[in-house]
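Close look at the chain arrangement
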Amino acid sequence: MSSERTLEPFDASDEELARHLEDAELPALLLACAMLTRDPAVLDGAPPPMRGLMAGPNGGYEEAQLTDARARCLAALKRYRDDGCPEPTRPSEEDLRGLLSFVIEEERLDEFLPFLLDELSLDGSDTRAPKWKKSELAPDRDFRVAIIGAGMSGLCAAIRLQQAEIPFVIFEKSHDVGGTWHDNVYPGCRVDVSNHFYSYSFAQGFEWPQLFSTQPILLEYFQHVADAFGLREHIRFGTEVKRATFDESTGGWSLELESEDGTSDTFEAQVLVSGMGQLNRPRMPEIEGMDDFGGPAFHSARWDQSVDLAGKKVSVIGTGASACQLIPIVADQASELTVYQRTAPWLLPTEDYHEEVPSGLQWLYQHVPFYAEWYRFWLFWSTAEGLLETVEVDPNWTERKDSVGPLNEEVRQMLCEYLQEATGGDADLLAKMTPDYPPFSKRFVRDNGILPATFARDDVSLETAGIDRITEKGIRTKDGREIEADVIVYGTGFTASDFLMPLEVVGRDGRKLHEHWAGDARAYLGITLPHFPNLFLLYGPNTNIVVNGSIIFFTECEVDYLLASIETLLRGGKHAMDCKPEVHDEYNERIDADNMKRAWGAATVNSWYKNQLGRVSQNWPYGLLEYWKQTREVDLGDYELL
Ligand code: NAP
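Attention here is on the structure that accompanies the text.

1. Quick word on the overall build of the protein
Regarding its fold elements, the protein presents 20 helices and 21 strands. Taken over C-alpha atoms, the radius of gyration comes to 26 Å for the protein, in line with the 26 Å a tight globule of 642 residues would show. For the protein, the spread of C-alpha atoms along the three principal axes comes to 75 × 70 × 50 Å. Taking all contacts inside the protein whose residues are at least 6 apart in sequence as the whole, residues at least 24 apart take part in 73%. Element-wise, carbon and sulfur atoms account for 47% of the exposed surface of the protein, whose accessible area totals about 25900 Å². Averaging the coordinates of the 59 positive side-chain charges in the protein and doing the same for the 107 negative ones gives two points 3 Å apart.

Shown next, in the form of structure tokens:
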């Protein structure tokens, strides 16, 4: 698989073309058509599309504007077809600048242009691939990298290392690749970021059947990538890294490994990369009586496929993203479903959440040069800063406690209107489902109407009285009722703040990582940390994004930084690099201060974004451009070189 797509020339009739265009996302198609025909006039007079939550995929175009945009695209595609679908020429940077000015304000173009060209990659090349190889920099040097985890991040690092001809081994405790998409097999599990964006920039040839695909398809994608890049032979499955110790004499890491059969082994590597993720260690709640329950009970991320829910009374604890995906499916299987909600989630209306990719859209990907690239770009650009301004805390905002500023309030009202409509006049349900905290201070849940409809069913109840204890036969609520259950599902989330647990990591001077962090994990750029040289974290502290972009984009930035660091070591003939404490501390102070200016930092509602000390240890408070800029190059002044 590569970023190159094979497009088929087409001779579709005018009527067929017009039908395909009904499914097009027009800002992207207008740009593709202007580029394809090398005729910027396609855009002349077309209104610049808006970005953001309210604008939607068609940039907020009104009906007449949509009709006009379709007509422009139809004319351009007819011309292209009648010319025999010639091989399109690649545009110059100046041409691209002109096209981008259709979607980006002139005054911001200079700032964003290099970043967007990198992401857009219209020449079909993998722009972010390393531009060097070990054989050119240090052919005789014994240098290898150990990666922990064959999930999304670990695979990404492996691909880039392979391109730079750096030897590497991935240690994966399970038996396949995919990480979270391997572990989470609960019914209804699907990605809640658009697929065409939640995918590697360099592996775009995959035909996504759905807009937000289900877990088996996501798993297939990562399996495909692993196979296409020949990664499996570098992966030691069924092997857990138990302990990693920095070796002062070699400036590298010694790993202690344990296989499933209990055998132990060791491995030496110059660089250690954690692709262990944040959302993979299930959090079981501390509820009295959990051991008393007589029936099967399991966590959403450890779904027990042997338990048939048909005709059973099922209790689901939690209403986060995982629980809300499985609840509608379980409701169809169980005889009765009781959902225990502690905090209502904000629902983000997403009409096409469960939709297949429409046939017209699929046709456009397969036939219209540049459409796929512009489509991904449009998804990317419309979420690059996404809703950041709507989560900004206005220090003078005193109107309400369930919003943090005027724009956040606008969103709150819009989400409330959605809830009102979706609960169809059921005042009791509306009251239960309406959060009392600002939007986006906790992770939102996408909804196409199915969740309120499920809660409205006669055989489903949404319990908000609170759980007193679990009994042998079910769950007792705080208001003294005992509700029977045959099966309990814990949709209670993950210990996201316990980064790198349970791995024991020993850095310089025998410093132990988890004692050093003391429950408050921090890192510089989320990647490196003082006293632990040559340890690189992927999806580390403060690299989670809430309202903008895709976590895969972040991982690609982190991996670029990893490769730039290795290049530095190889070029400079150095063993290791250790982040300077003052650089790390100053960076973290800034992150902390700026997270407090976001809804998730200012609001007091509990969430997995915060660690046990109440610090936002997960989230990145800025836009994507900022992270891309900060991770493009390694500033040698930030490190002590050993
Ligand atoms: P979560 O967001 O942490 O939700 C856990 C739920 O369990 C919350 O509703 C929580 O209530 C509840 N809970 C925890 N302990 C409880 C207790 N003792 N009593 C009652 N309720 C309790 O976890 P998640 O749903 O697994 O999602 C975690 C993250 O994973 C998501 O935010 C998302 O980033 C990611 N995810 C993504 C997808 C996707 O892309 N499709 C799917 C699933 C998950 P409180 O809110 O009161 O704490």
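Moving on from the model shown.
2. Quick look at helix α17 (residues 551-572)
Taking 1.5 Å as the rise per residue, α17 with 22 residues should run 32 Å; its terminal C-alpha atoms sit 32 Å apart, in good agreement. Judged by how many residues are buried, α17 sits mostly within the fold: 20 of 22 residues are covered. In this structure Ser550 caps α17, since a side-chain oxygen of it lies 3.0 Å from the backbone nitrogen of Ile552. Once α17 finishes, Gly573 follows within two positions and takes phi at roughly 65 degrees, a positive value.

3. Focus: the pairing of strand β15 (residues 474-477)
Relative to β15, strand β14 (residues 467-470) is paired through three bridges, and the arrangement is antiparallel. Paired with Ile467 across the strands is Thr477, a residue of β15. Of the pairings in the sheet, the one linking β15 to strand β16 (residues 482-484) comprises three bridges and is antiparallel in character. Bridged to Gly474 within β16 is Glu484.

4. A closer look at the sheet that holds strand β10 (residues 336-340)
Reading across from one edge, β8-β17-β9-β10-β13 is the order of the five strands in this open sheet, with parallel pairing throughout. Only two strands of the sheet have a single partner each, and these edge strands are β8 (297-299) and β13 (460-463). Here the average twist between neighbouring strands, direction ignored, is 15 degrees. By the bridge criterion, three bridges tie β8 to strand β17 (residues 487-490) in an arrangement that is parallel. Along β17, the bridge assignment pairs Ala297 with Ile488.

5. Regarding unusual backbone geometry
What you tend to see is this: most non-glycine residues have negative phi, and most peptide bonds are trans. Met501 connects to Pro502 through a cis peptide bond whose omega is 0 degrees. Here Pro502 shows up in the loop between β17 and β18 (504-506). Here the phi dihedral of Ala518 falls at roughly 45 degrees; this positive angle occurs in a residue that is not glycine. By secondary structure assignment, the location of Ala518 is in the loop between α16 (513-517) and β19 (535-537). A positive phi angle, close to 60 degrees, is found at Asn534, a residue other than glycine. Take Asn534: it is sitting in the loop between α16 and β19.

6. Details of the sheet that holds β14
What links the strands of a sheet is backbone hydrogen bonding, and the strands pair in either a parallel or an antiparallel sense. What the three strands build is an open sheet, ordered β14-β15-β16; its pairing is antiparallel. Edge positions in the sheet fall to β14 and β16, since each has one partner strand and no second. Between one strand axis and the next, the sheet turns by 25 degrees as a mean value, whatever way the strands run.

7. A few points about the site of the ligand
Within the structure, the ligand sits among 24 residues, and Arg190, Ser322, Arg342, Thr343 and Lys442 are positioned closest to it. Within the contact set of the ligand, an oxygen atom lies 2.9 Å away from a backbone nitrogen or oxygen of Ala321. Here the ligand has 910 Å² of accessible area as a free molecule, and 86% of this is covered by the chains. Considering each element in turn, the shell around the ligand owes the most residues, three residues, to helix α10 (residues 321-333). Split by residue class, the shell around the ligand holds nine nonpolar, 10 polar and five charged.

8. Concerning the packing of helix α11 (residues 359-367) against helix α12 (residues 371-384)
Closest axis-to-axis distance for the α11/α12 pair is 7 Å, and the angle between their directions is 120 degrees. By the criterion of interaxial angle, the relationship of α11 to α12 is oblique. Touching Leu361, Leu364 and Tyr365 of α11 are Tyr371, Ala372 and Tyr375, all from α12. Partitioned by chemical class, the residues of the contact of α11 with α12 number six nonpolar, no polar and no charged.

9. Quick word on the pattern of salt bridges
Applying the stated rule across the entire model yields 43 salt bridges. A salt bridge links Glu111 to Lys629, with the nearest nitrogen and oxygen atoms 3.6 Å apart. Placement of Glu111 in helix α5 (residues 106-120) and of Lys629 in helix α20 (residues 624-631) is noted, with a sequence separation of 518 residues between them. Residues participating in the shared-partner salt-bridge network are Asp14, Lys78, Arg81 and Asp82.

10. Focus: the nonpolar core
Tyr200 and Trp374 are the most contacted members of the largest nonpolar core, which has 182 residues in total. Examining the composition of this core, we find that 13 residues originate from one element, α17, more than from any other. For Tyr200, the residues in contact, after removing those within four places along its chain, are Gly151, Met152, Leu155, Cys156, Tyr221, Phe222, Val225, Arg376, Ile552 and Glu556. Formed by 27 residues, the second largest nonpolar core is a distinct cluster that contains Trp253, Leu257, Trp517 and Ala576.

11. Observations regarding the packing of aromatic side chains
Counted according to the given criterion, the structure contains 36 aromatic pairs. Seen from their ring centres, Trp181 and Tyr198 are 6.0 Å apart, and the 75 degrees between their planes marks the pair as edge-to-face. You can see Trp181 sitting in helix α8 (residues 180-183) and its partner Tyr198 sitting in the loop between α8 and α9 (215-228), a full 17 residues away along the chain. The class for Trp181 is buried, based on a relative accessible area of 9%. Aromatic ring contacts, followed pair by pair, group Phe112, Phe115, Phe197, Phe380, Trp381, Phe553, Phe554, Trp620, Tyr622, Tyr627 and Trp628 into a single cluster. Its guanidinium or amino end placed over the ring of Tyr353, Arg190 lies 5.8 Å from that ring's centre, counting from NZ or CZ. When the ring centre of Phe444 is taken as origin, the NZ or CZ atom of Arg443, which lies over that ring, is 4.7 Å away.

12. Some words on α20
For an α-helix, the turn length of 3.6 residues means that residues three or four places apart are oriented alike. Within α20, burial applies to Leu624, Leu625, Tyr627, Trp628 and Thr631. For α20, the angular spread of buried residues about the axis comes to 165 degrees, placing them on one side. Looking at the packing, one finds that the buried side of α20 touches α5, α12 and α17.

13. Focus on the pairing of strand β1 (residues 145-148)
Residues Val145 and Ile147 line one face of β1 and the alternating positions Ala146 and Ile148 line the opposite face, and both faces are buried. With four bridges joining them, β1 and strand β7 (residues 271-274) adopt parallel strand pairing. Residue pairing in the sheet places Val145 in a bridge with Val271 of β7. Here β1 runs beside strand β2 (residues 168-172); their pairing, made up of four bridges, is parallel.

The rules behind these values
Residues numbered from 1 in each chain as written. Predicted model: local features only at pLDDT ≥ 70, side-chain atom pairs only at ≥ 80, totals over all residues. Heavy atoms only, no water. Helix = DSSP H or I, 4+ residues; strand = E, 2+ residues; numbered from the N terminus. Rg over C-alpha atoms; globule rule 2.2 N^0.38 Å. Contact = heavy atoms within 4.5 Å. Areas by Shrake-Rupley, 256 points an atom, 1.4 Å probe, with all protein chains shown as cover. Lys, Arg positive; Asp, Glu negative; His and termini not counted. Charge placed at Lys NZ, Arg CZ, Asp CG, Glu CD. Expected span 1.5 Å × (residues − 1). Buried < 20%, exposed > 50% of the residue type's maximum accessible area, 1.4 Å probe, protein only. Polar contact = N/O pair within 3.5 Å; in protein donor to acceptor, adjacent residues only side chain to side chain. Pairing = 2+ DSSP bridges. Axes fitted to C-alpha atoms, helices over the stretch in contact; angles between N-to-C directions. Near = heavy atom within 4 Å. Nonpolar A, V, L, I, M, F, W, Y, C, P; charged D, E, K, R; others polar. Parallel < 35°, antiparallel > 145°, perpendicular 65-115°, else oblique. Salt bridge = Lys/Arg side-chain N within 4 Å of Asp/Glu carboxyl O. Core = buried A, V, L, I, M, F, W, Y, C linked by side-chain atoms within 4.5 Å. Phe/Tyr/Trp six-rings, centres within 6.5 Å; stacked < 30°, edge-to-face > 60°. Lys NZ or Arg CZ within 6 Å of the ring centre and 35° of its normal. Arc of directions from axis to C-beta.

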